[in-house]
Amino acid sequence: MIVRIMGEGQVEIAQADIDVLNELDGELEAAIESDDENVFRVKLHALLEKVRQVGKALPVDSLEPSELILPPADASIEEVREMLGDTGLIPG
């Protein structure tokens, strides 16, 4: 799966890593639902850091279609709330 972190670039995520990312996504959704800015910030950073950790960075000049777009680390709770679909930021 090709994932773009807005403002950073693209990484390729192995299917085997999707479950752990979904777990972090669920925690992020819960923080958004409770409108807890501090927990939201911690969970967003944890999700993005895990994507960076497990993902293989694609070359900067690569223009692969992204299957998933994640917000930047400095996104507001409202911006991320608008990006959420029925299945969170990470489907599956």
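A short tour of the structure in this document, coming up. (Residues numbered from 1 in each chain as written. Predicted model: local features only at pLDDT ≥ 70, side-chain atom pairs only at ≥ 80, totals over all residues. Heavy atoms only, no water.)

With respect to the overall build of the chain
At step 1: In terms of regular secondary structure, the chain is built from 3 helices and 4 strands.
At step 2: Going residue by residue from the N terminus, the α and β elements of the chain occur as β-β-α-α-β-β-α.
At step 3: Its C-alpha atoms give the chain a radius of gyration of 12 Å, within 12% of the compact-globule value 12 Å for 92 residues.
At step 4: Overall, the chain is about 35 × 25 × 20 Å in size when its C-alpha atoms are taken along their principal axes.
At step 5: Nonlocal contacts in the chain, meaning residues at least 24 apart in sequence, comprise 69% of its contacts between residues at least 6 apart. (Helix = DSSP H or I, 4+ residues; strand = E, 2+ residues; numbered from the N terminus. Rg over C-alpha atoms; globule rule 2.2 N^0.38 Å. Contact = heavy atoms within 4.5 Å.)

Overview of the sheet that holds strand S1 (residues 2-5)
At step 1: What the 4 strands build is an open sheet, ordered S3-S2-S1-S4; its pairing is mixed. Strand pairing shows two members of the sheet lacking a second neighbour, strand S3 (56-57) and strand S4 (68-70), which therefore form its edges.
At step 2: As judged from the 3 bridges shared by S1 and S4, these two strands associate in the parallel manner. Counterpart to Val 3 in the pairing with S4 is Leu 68.
At step 3: Along the sheet, helix H2 (residues 37-54) contacts S1, strand S2 (9-12), S3 and S4; its crossing angle with S1, the most-contacted strand, is approximately 130°. (Pairing = 2+ DSSP bridges. Axes fitted to C-alpha atoms, helices over the stretch in contact; angles between N-to-C directions.)

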